[in-house]
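# Examining the three-dimensional arrangement
This is what each chain is made of:
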Amino acid sequence: MTTTTTTDPGATDPTGETMERTTAQAPGTARPAAPQAPDAERLRRWRMVLGADSADSTGCTLTGQDAAMDGALNALYGGGAGKKPGGGRGAGGRSAGLGASAPSVARWLGDIRTYFPSSVVQVMQRDAIDRLGLAALLLEPEMLEAVEADVHLVGTLLSLNKAMPETTKETARAVVRKVVEDLEKRLESRTRATLTGALDRSARISRPRHRDIDWNRTIRANLKNYLPVPGPAGAGGVGGTEGRGTIVPERLIGYGRASRSAKKDVVLCIDQSGSMAASVVYASVFGAVLASMRTLSTRLVVFDTAVADLTDQLDDPVDVLFGTQLGGGTDINRALAYCQSKITRPADTVVVLISDLYEGGIRDEMLKRVAAMKASGVQFVTLLALSDEGAPAYDHEHAAALGALGAPAFACTPDLFPDVMAAAIEKRPLPIPDKETQQ
């Protein structure tokens, strides 16, 4: 008798892979379709999924890289991971933790970058900061050098900005700059292309000089005025036509002449409360991109209970970010009052309020200001979040009130933001991604 391994197509292990079964096969019988792993492999996988507390029940002992991976996971998600750090980095027991020293955490960060892909590392870093209270350790330069930089890490660093020692600030700036440059590479080209198209279309004129005529658009606009031209007698069949004709250009469409003055004014008004950290990062990058476009005049305003105008720092989004103060209260009414005072061309102005709408100021005054700006011709956009995350938490009552004023509030991903801005510039309906979030 021989022993073979077969695949059970209907069974899966905790990792989602097909489970395998070892069976005995008598001589002369048909061989199964596919080979299978032994029971020990299934136990190993269960042990990795269930963690160190399952070592006794599975009877499986991990070695080598498996043990190292399990130790890194157990340090964060083990039985004691919800407590303040202070335990060791052992692979078992219920006293898990990353330890209180920065070198220990830096070694752990190095471990997870070795064993897991970048996207998983970023999730584990955020969990470590939230579950183990490790934010203070980000003030150590050696730890910052070990982290996988992403938008959420930048938000955490900004919240610690005022408490950051001088020895750490340069390292923190380097981390933030890396993330900002990556975002600019991803977002800048599409933002420019989308908004340039919107601005060009808004500059079309109906009585152009001959050299300014847009012939393609003019022909399309006058196709209804097509007249066939008769050909020589007997040519082209009945009527003597050969399929040729002419278009009577009743309506001419031309390119707008280049102007040194900005065609549109954009005001980004950003809530810098702690929950808006990712939105602040993305908005600062977009603000810098918009400010670099000569056809737009961009103003960047951030607020909590006070208002700060960071427009003069828009040439460097890193300076903008370190000029914010995440946390504190919220006074949307005061921020909108400041923005309203800076509007000189209402019909050519787009105001983008980025906030979760938890107002600590005067609610009725806030709504009156929005209504007044809308009545004057301002395009008003309310973004509950500007990030890649899911549905944000926000004040539904205030969102509904803004919607009733014609300023729908919705969450927006960074990839959708250029389309939202283009629609606002052209005064088209906004491309709201999820109708259920519109209030």
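Next up on the list: the overall build of the protein. On a plain count of helices and strands, the protein comes out with 15 helices and ten strands. Look at the contacts in the protein between residues 6 or more apart in sequence, and 68% of them connect residues 24 or more apart. Here the protein has roughly 21500 Å² of accessible surface; of this, 51% comes from carbon and sulfur atoms.

Attention now moves to the packing of aromatic side chains. Within the structure shown, the criterion is met by one aromatic pair. Measuring from ring centre to ring centre gives 4.5 Å for F286 and F417, while their planes differ by 40°; the resulting arrangement is tilted. Taken together, the residues span a long stretch of sequence, with F286 in helix α10 (residues 277-291) and F417 in helix α15 (residues 417-426) at a distance of 131 residues. Residue F286 is classed as buried on the basis of its relative accessible area of 1%. A cation over a ring is seen here: R173 above F322, with NZ or CZ 4.7 Å from the ring centre.

We now examine the confidence of the model for the protein. Looking at the protein, the pLDDT average stands at 76 and 72% of residues meet or exceed 70. Predicted confidence for residues 1-36 stays below pLDDT 50, and this span has 66 contacts to residues more than four positions away or in other chains. Ignoring residues within four places in sequence, the model shows residues 81-96, a span with pLDDT below 50, making 46 contacts including any to other chains.

Attention now moves to a nonpolar patch on the surface. A grouping of W46, V49 and L50 is seen on the molecular surface, where their side chains present a nonpolar patch of about 280 Å² in accessible area. On the secondary structure map, L50 appears in helix α1 (residues 39-50). When its relative accessible area of 49% is taken as the criterion, L50 is described as partly exposed.

What follows covers the environment of P433. Topologically, P433 is positioned in the segment after α15. Placed 17 residues apart in sequence, P433 and L416 show a C-alpha to C-alpha distance of 8.3 Å. Ignoring sequence-local partners within four residues, the contact set of P433 consists of F410, A411 and L416.

This paragraph deals with the packing of helix α13 (residues 363-375) against helix α14 (residues 396-404). Running from amino to carboxyl end, α13 crosses α14 at an angle of 30°, the nearest separation of the two axes being 10 Å. The angle between the axes of α13 and α14 places the two elements in the roughly parallel class. Where α13 crosses over α14, the handedness of that crossing is right-handed. Of α14, the residues touching α13 (which contributes R363, M366, L367 and V370) are E397, H398, A401 and L402. The class makeup of the residues in the contact of α13 with α14 is five nonpolar, one polar and two charged.

Here we take up the environment of K264. Within the secondary structure, K264 sits in strand β5 (residues 264-271). In this structure K264 comes out as buried when scored by relative accessible area, which is 9%. Between the C-alpha atoms of K264 and V350, which are 86 residues apart in sequence, the distance is 7.6 Å. Non-local contacts of K264, meaning those with residues more than four positions away in its chain, are made with L199, T295, L296, S297, R345, A347, D348 and I425.

This next bit is on the side chain of D395. By the element assignment, D395 lies in the loop between β9 (379-386) and α14. Buried charge without a salt bridge: D395, with R363 as the nearest opposite-charge side chain at an N-O distance of 6.3 Å. At 2.9 Å, the side chain of D395 forms a polar contact with the backbone nitrogen of H398. Filtering out sequence-adjacent residues up to four positions away, D395 remains in contact with D356, L357 and Y358.

What counts and how
Residues numbered from 1 in each chain as written. Predicted model: local features only at pLDDT ≥ 70, side-chain atom pairs only at ≥ 80, totals over all residues. Heavy atoms only, no water. Helix = DSSP H or I, 4+ residues; strand = E, 2+ residues; numbered from the N terminus. Contact = heavy atoms within 4.5 Å. Areas by Shrake-Rupley, 256 points an atom, 1.4 Å probe, with all protein chains shown as cover. Phe/Tyr/Trp six-rings, centres within 6.5 Å; stacked < 30°, edge-to-face > 60°. Buried < 20%, exposed > 50% of the residue type's maximum accessible area, 1.4 Å probe, protein only. Lys NZ or Arg CZ within 6 Å of the ring centre and 35° of its normal. pLDDT = per-residue confidence, 0-100. Patch = residues over 30% accessible without salt bridge, like charges linked within 9 Å, V, L, I, M, F, W, Y side chains within 5 Å. Salt bridge = Lys/Arg side-chain N within 4 Å of Asp/Glu carboxyl O. Axes fitted to C-alpha atoms, helices over the stretch in contact; angles between N-to-C directions. Parallel < 35°, antiparallel > 145°, perpendicular 65-115°, else oblique. Left-handed = near helix turned anticlockwise from the far one by under 90°. Nonpolar A, V, L, I, M, F, W, Y, C, P; charged D, E, K, R; others polar. Lys, Arg positive; Asp, Glu negative; His and termini not counted. Polar contact = N/O pair within 3.5 Å; in protein donor to acceptor, adjacent residues only side chain to side chain.

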